[in-house]
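Each chain is listed here by its residues.
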Amino acid sequence: MHRKILFAKSCLEGPGPRPLQEMAALQANPRTSSTLISEYARRPSPRRPPVRVRCSAAPSPPRSYRITLLPGDGIGPEVVSVAKDVLYLAGSLEGIEFRFREVPVGGAALDSTGVPLPEETLTTAKESDAVLLGAIGGYKWDANEKHLKPETGLLQLRAGLGVFANLRPATVLPQLVDASTLKKEVAEGVDIMVVRELTGGIYFGKPRGFGSNDKGEDIGFNTEIYSVPEIDRIARVAFEVARKRRGQLCSVDKANVLEVKFRKASMLWRKTVTALASEFSDVEISHMYVDNAAMQLIRNPKQFDTIVTNNIFGDILSDEASMLTGSIGMLPSASIGASGPGLFEPIHGSAPDIAGQDKANPLATVLSAAMLLRYGLGEEQAAKRIEDAVINTLNKGFRTGDIFSEGTTLVGCKRMGAEVLKSVDSQATVATALH
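Thresholds, definitions, all that
Starting from 1, residues in each chain are numbered consecutively following that chain's sequence as written. In keeping with the predicted nature of the model, local features appear solely for residues at pLDDT of at least 70, side-chain atom pairs appear and are counted solely at 80 or more, and the whole-chain, interface and lining totals rest on all residues. The side-chain values count all of the structure's non-hydrogen atoms but skip hydrogen atoms and water molecules. Secondary structure elements follow DSSP: runs of H or I of four or more residues count as helices, runs of E of two or more count as strands, with numbering from the N terminus. Note on classification: 1.4 Å probe, protein chains only; a residue is buried when its accessible area is under 20% of the maximum for its type, exposed when over 50%, partly exposed between these limits. The contact criterion used throughout is that any non-hydrogen atoms of two residues lie within 4.5 Å. We get accessible surface area from the Shrake-Rupley algorithm with a probe of 1.4 Å; when it comes to residues, only the shown protein chains can shield them. Here an angle of 0 to 180 degrees is reported between the N-to-C directions of two axes, which are lines fitted to C-alpha atoms, with helices fitted over the stretch in contact. If an angle is under 35 degrees, it is roughly parallel; if it is over 145, roughly antiparallel; if it lies from 65 to 115, roughly perpendicular; otherwise it is oblique. Left-handed describes a crossing in which the near helix is turned anticlockwise from the far one by less than a right angle; the clockwise case is right-handed. We call Asp, Glu, Lys and Arg charged. Ala, Val, Leu, Ile, Met, Phe, Trp, Tyr, Cys and Pro are nonpolar, and the rest, Gly among them, are polar. For Phe, Tyr and Trp, rings pair up if their centres lie within 6.5 Å, where Trp contributes its six-membered ring, and each pair is then called stacked (planes under 30 degrees apart), edge-to-face (over 60) or tilted (otherwise). Nonpolar cores are built from buried Ala, Val, Leu, Ile, Met, Phe, Trp, Tyr and Cys residues. Side-chain atoms within 4.5 Å join them into one set. Strand pairing is assigned whenever DSSP detects at least two bridges linking the two strands. Pairs of N or O atoms within 3.5 Å make up the polar contacts considered here, provided that, within protein, one atom can donate a hydrogen while the other can accept it, and that residues adjacent in sequence are counted only when both atoms are side-chain atoms. In the sections that follow, a salt bridge refers to a side-chain nitrogen of Lys or Arg positioned within 4 Å of a carboxyl oxygen of Asp or Glu. Site definitions follow a grid-based scheme: protein atoms alone, a 1 Å grid, a 1.4 Å probe that fits but cannot get out for cavities, and for pockets an open set with protein on both sides within 12 Å along at least five of seven lines, plus lining residues having an atom within 4 Å of a point. Grid points are joined across faces, edges and corners, and a volume is the space filled by probe spheres set on the points.

## Some points on the overall build of the protein chain
Part 1 of the argument: The helix and strand tally for the protein chain stands at 14 helices and 14 strands.
Part 2 of the argument: For the protein chain, buried positions account for 53% of its 435 residues.
Part 3 of the argument: By sequence separation, contacts in the protein chain at least 24 residues apart represent 75% of the contacts at least 6 residues apart.
Part 4 of the argument: Put simply, the protein chain shows about 19,300 Å² of open surface, and 55% of that area lies on carbon and sulfur atoms.

See the structure below:
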């Protein structure tokens, strides 16, 4: 039996959004620490009481989870290796046991089995409690037919797991505000969550393919199509996310132009989201056309809290939002369904040009492991251990090449991972000293 993962079970039940940014602000601005620490102390854990007694009482039996690792291609194996070690250590400090199983996907699977998503890989993923993915793709397979491309394996994996809601945070940490290409006054304080529909729309719609027009010219076509239930379920996730953040939700569409099969898919999107808003009176809803949203993300990104949009718009806008932070190598993501395991992965690609050179930034994958703990397993305290360790590592000035600036220490993927592990371990040392 698959362990049920109700999306609202973890972050959506617990009060207090954006723990990573708030802890970053706490450490970057010590003058506010007493206020923020008091606020954090009042927040209950989503899965456990906020205080655990470790005196003479018998220890609780360890919680055990099965984690499927999909290193994939390019820098994927390097960053997943780091994230696995961090996940193991943070979990062990919270009494959590992990049983890891590594299986191939993408180009690695093509080379070993001839298909981008072997049946064994999908079965293993479905039988696990959560899935951690590195990256897929590379120049080697670019010329393959569509069904033999690594990206096809990723789409099949998402569909097979039924993960329809993709959460992509874009948070400008105080330690990295100067890494953004935008002016400091524009980038500082940006904290956006893009909720992207993941298993519908133009990436999956039919009919699709190649043909010819009435002039005999070759054409290619894809169909953008959504049903009301598909729109309703992703909108509900977005409203719940917004409710636990600043209470503002912007729905992005192209309702003034796009029409598909007389269904006017984008107009149906706006109509469905608008109708659902009456159930979430505490959330302020707004609508924006996608071209304007793309412009506003650069012009005034702080106006956005939570964004909900379809598959293709979410793909584009979340990548755009990622660059507000200075590097796509810093950003994690979570993909969740109504039940079964979630899929957690950095939003960056496989970067084959730097693969195997110890240049990759592993922090997006490490933070994806934190999202795995919070959204996939409901293990809030372990997630916070990882996030705090990342902030502490950045505070010490360690940077990979993509976020390096004068006055900081340039390190590779392995060294960055080692420093994060030290920071996780130091939390245990401090906790022991306090007791």
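## Considering the packing of helix α3 (residues 76–92) against helix α13 (residues 380–395)
Part 1 of the argument: Between α3 and α13, the least distance of the axes is 9 Å, while the angle of their chain directions is 130 degrees. With respect to α13, the axis of α3 lies oblique. In this structure, α3 crosses over α13, and the sense of that crossing is right-handed. Listed contacts from α13 to V86, L87 and A90 of α3 are A382, R385 and I386.
Part 2 of the argument: Across the contact of α3 with α13, the residue classes break down as five nonpolar, no polar and one charged.

## Quick look at the packing of aromatic side chains
Part 1 of the argument: Tallied over the full model, the rule gives four aromatic pairs.
Part 2 of the argument: Plain terms: the ring middles of F98 and F100 are 5.7 Å apart, the flat faces sit at 35 degrees to each other, and that makes the pair tilted.
Part 3 of the argument: Seen in terms of ring centroids, Y226 and W269 are 5.5 Å apart; in terms of plane orientation they differ by 70 degrees. Their pairing is edge-to-face. With Y226 in the loop between β7 (218–221) and α8 (228–243) and W269 in helix α9 (residues 265–276), this pair connects stretches of sequence that are 43 residues apart.
Part 4 of the argument: Residue classification places W269 among the buried positions, given a relative accessible area of 3%.
Part 5 of the argument: One aromatic cluster is present, formed by Y65, F98 and F100 through successive ring pairs.

## Remarks on the packing of helix α10 (residues 290–299) against helix α11 (residues 311–322)
Part 1 of the argument: One can describe the packing of α10 onto α11 by two numbers: an axis separation of 10 Å at closest approach and a directional angle of 10 degrees. In terms of their interaxial angle, α10 and α11 are classed as roughly parallel. Between α10 and α11, the contacting residues are V290, A293, A294, L297 and I298 on the first element and F313, L317 and E320 on the second.
Part 2 of the argument: In terms of residue class, the contact of α10 with α11 is made up of seven nonpolar, no polar and one charged.

## As for the nonpolar core
Part 1 of the argument: One finds L167, F239, F344 and I386 to be the most contacted residues of the largest nonpolar core, which totals 93 residues.
Part 2 of the argument: Ranked by the residues each element gives to this core, the list is headed by helix α12 (residues 363–376), at nine residues.
Part 3 of the argument: With sequence-adjacent residues up to four places away left out, F239 is seen in contact with L249, V273, L276, A277, F280, V283 and I285.
Part 4 of the argument: V105, L122, L133 and I136 belong to the second-largest nonpolar core, a separate cluster that totals 15 residues.

## Describing the pairing of strand β12 (residues 342–346)
Part 1 of the argument: Of all five residues making up β12, five are buried, and the element is well covered by its neighbours.
Part 2 of the argument: Side chains of β12 alternate between two faces, with G342, F344 and P346 and L343 and E345 buried alike.
Part 3 of the argument: As defined by bridge partners, strand β11 (residues 332–336) adjoins β12 across four bridges and the pair is classed as antiparallel. Directly across from P332, in β12, lies its bridge partner P346.

## Thoughts on the side chain of S335
Part 1 of the argument: Inspection of the secondary structure puts S335 in strand β11.
Part 2 of the argument: Looking at S335, its side chain comes within polar contact range of the side chain of N166, at 3.1 Å.
Part 3 of the argument: Other than its neighbours up to four places away in sequence, S335 contacts V163, A165, N166, L198, G342 and L343.

## Focus on the pattern of salt bridges
Pairing between side chains of opposite charge can happen when their charged atoms approach one another.
Part 1 of the argument: Applying the stated criterion across every chain, the model contains 23 salt bridges.
Part 2 of the argument: A salt bridge links R168 to D319, with the shortest nitrogen-to-oxygen separation between them at 3.2 Å. Of this pair, R168 sits in strand β4 (residues 165–171) while D319 sits in helix α11, and the two are 151 residues apart along the sequence.
Part 3 of the argument: What makes R168 buried here is its relative accessible area of 8%.
Part 4 of the argument: The salt bridge involving R236 is made with D232; its shortest N-O contact spans 2.8 Å. With R236 and D232 both in helix α8 and four residues apart, the pair spans about one turn of that helix.
Part 5 of the argument: The class of D232 is partly exposed, set by a relative accessible area of 22%.
Part 6 of the argument: One network of salt bridges, with partners in common, ties together D191, R245, R246 and D305.

## Quick look at empty space enclosed by the protein
Over the atoms a probe the size of a water molecule is rolled, and this reveals where empty space is left.
Part 1 of the argument: One pass over the structure, following the stated rule, counts one cavity of 30 Å³ or more.
Part 2 of the argument: Approximately 50 Å³ is the volume found for the largest cavity.
Part 3 of the argument: Breaking the lining of the largest cavity down by element, the ones donating at least two residues are β8 (248–253) and α9.
Part 4 of the argument: Broken down by element, the residue count for the lining of the largest cavity peaks at three residues, all from α9.
Part 5 of the argument: Partitioned by chemical class, the residues of the lining of the largest cavity number four nonpolar, two polar and two charged.

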